[in-house]
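Analysis of the macromolecular model
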Amino acid sequence: MNWYQKLNKYFPVEEMKSKEHMDMLLKEKGDVYYKDESDDHVLMFAEFNSFLFIDYVWVSANARGKGTGHKLIEKLKEKDKPIILEVEPVDYDDTDTAKRLHFYKREGFSHAQSIGYNRRSLATNEDTPMEILYWSPTDDSEEVIYEKMKKMYEDIHTYKDEEIYGQAYQPVDEVLSYDEERGSDNIFENLKEKA
């Protein structure tokens, strides 16, 4: 299985970019968009001047629980920039969503409760609400993270979207919102502790 097949098998269709989109990002935005892979992992991320965005991270089943994910995150933390990523809300029927959240909680990530994020999938045409997690070496505010998230959305997620998919993603202001009164529960607080 190649790196794209590994990601495609693991992530829901509404969260996946097409292979063409990712290949184009790697080729045309190679100064920003990167792939780090081995037999046991695939990490796709964007590095901007002031932050990093984790697009996808996959660790093989036989490498889970052996520190592979921790090493990948540590390598990114060494760059000393805020790290941002999207996660789906916890689905109690899907234990992987809770496992992912436990992992990011252990790695010191925070939940950006003021940031709303809901984008329509071009693959399924359904709204896909996500939550934003971030780690910051300098305690950046959620408002700062929101501004960085907007840049990433416009530079990475919607890059040549009409050319690739034949239609455009929604504009950033329809997808991302910032509201300190949003009232979103901290997704880490509702995590059941692992037995």
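First, a word on scope: everything that follows refers to the structure included in this document. As the structure is a prediction and not an experimental result, all values here were calculated from the model.

To continue, consider the environment of Glu189. Residue position: Glu189 is located in the segment after strand S8 (176-178). Sequence separation between Glu189 and Thr97 is 92 residues, and the spatial gap between their C-alpha atoms is 14 Å.

With that settled, the discussion passes to the pattern of salt bridges. The tally for this structure, following the rule as stated, stands at 13 salt bridges. Ionic pairing is found between Lys75 and Asp36, a salt bridge with its closest N-O pair at 2.9 Å. Taken together, the residues Lys75 in helix H3 (residues 68-77) and Asp36 in strand S1 (residues 33-37) connect sequence positions 39 residues apart. Residue Lys75 is classed as partly exposed on the basis of its relative accessible area, which comes to 45%. The exposure class of Asp36 is buried, given its relative accessible area of 15%. The closest approach of N and O atoms between Glu47 and Lys79, which form a salt bridge, is 3.2 Å. Residue Glu47 is located in strand S2 (residues 41-47), and its partner Lys79 is located in the loop between H3 and strand S4 (83-87); the two are separated by 32 residues in the primary sequence. Linked by salt bridges that have partners in common, Glu47, Lys79 and Lys81 make up one network.

The next subject is the packing of aromatic side chains. Aromatic ring pairs are reported here in terms of the distance separating the ring centres and the angle at which the planes meet. With the rule as written, the count across this model stands at nine aromatic pairs. Summarising the aromatic geometry, the rings of Trp3 and Tyr4 are spaced 5.9 Å apart at their centres and angled 90° between planes, so their arrangement reads as edge-to-face. With respect to class, Trp3 is no different from Tyr4; both count as buried. Taken together, Tyr10, Phe11 and Tyr56 form an aromatic cluster joined through their ring pairs.

Time to look at the environment of Lys148. Relative to the helices and strands, Lys148 is located in helix H5 (residues 142-157). A relative accessible area of 13% places Lys148 in the buried class. Once you skip the residues sitting within four places of it in the chain, Lys148 turns out to touch Ser50, Phe51, Pro82, Ile84 and Asp140.

All right, on to the nonpolar core then. Grouped together as the largest cluster of nonpolar side chains are 38 residues, with contacts concentrated most on Leu7, Met22 and Leu176. Only helix H1 (3-10), helix H2 (19-28), S2, strand S3 (52-59), strand S6 (115-120), strand S7 (127-135), H5 and helix H7 (172-175) provide two or more residues apiece to this core. At six residues, the largest contribution of residues to this core is made by H5. Discounting chain neighbours no more than four positions away, the residues touching Leu7 are Met16, Met22, Val42, Met44, Tyr56 and Trp58. Core analysis: the second largest hydrophobic core is formed by 21 residues, Ile83, Leu101, Tyr104 and Leu191 among them.

Before going further, it helps to examine the packing of H1 against H2. Relative to each other, H1 and H2 sit at 130°, their axes nearing to 11 Å. By the angle between their directions, the pair H1 and H2 is classed as oblique. For the element pair H1 and H2, the recorded crossing hand is right-handed. Along its contact with H1, which presents Trp3, Tyr4 and Leu7, the element H2 presents Lys19, Met22, Asp23 and Leu26. Looking at the contact of H1 with H2 residue by residue, the classes come out as five nonpolar, no polar and two charged.

Cut-offs and rules
Every chain is numbered independently, its residues counted from 1 as its sequence is written. Given that the model is predicted, a residue must reach a pLDDT of at least 70 before its local features are reported, and side-chain atom pairs must reach 80 or more before they are shown or counted; all residues, however, enter totals for whole chains, interfaces and linings. The basis for every side-chain value is the complete set of heavy atoms in the structure, and neither hydrogens nor water enter the calculation. Per the convention used, a helix needs a DSSP run of H or I reaching at least four residues, while a strand needs a run of E reaching at least two, with both numbered from the N terminus. Whenever a carboxyl oxygen of Asp or Glu lies within 4 Å of a side-chain nitrogen of Lys or Arg, that contact is scored as a salt bridge. The buried label applies to any residue whose accessible area, calculated with a 1.4 Å probe on protein chains only, is under 20% of its type's maximum; exposed applies above 50%, and partly exposed to all values in between. Classification of ring pairs uses Phe, Tyr and Trp, with its six-membered ring standing for Trp, and accepts pairs whose centres are within 6.5 Å; under 30 degrees between planes counts as stacked, over 60 as edge-to-face, and the remaining range as tilted. Between two residues, a contact is recorded if the distance between any of their heavy atoms is within 4.5 Å. Throughout this description, the term nonpolar core refers to a set of buried Ala, Val, Leu, Ile, Met, Phe, Trp, Tyr and Cys residues connected via side-chain atoms within 4.5 Å. Axis geometry follows a simple rule: fit a line to the C-alpha atoms, using only the stretch in contact for helices, then measure angles between N-to-C directions, giving values from 0 to 180 degrees. Oblique is the label for every angle not falling under 35 degrees (roughly parallel), over 145 degrees (roughly antiparallel), or within 65 to 115 degrees (roughly perpendicular). By convention the crossing between two helices is left-handed if the near helix lies anticlockwise of the far one by an angle smaller than a right angle, and right-handed if it lies clockwise. Charged residues are taken to be Asp, Glu, Lys and Arg, nonpolar residues to be Ala, Val, Leu, Ile, Met, Phe, Trp, Tyr, Cys and Pro, and polar residues to be all remaining types, Gly included.

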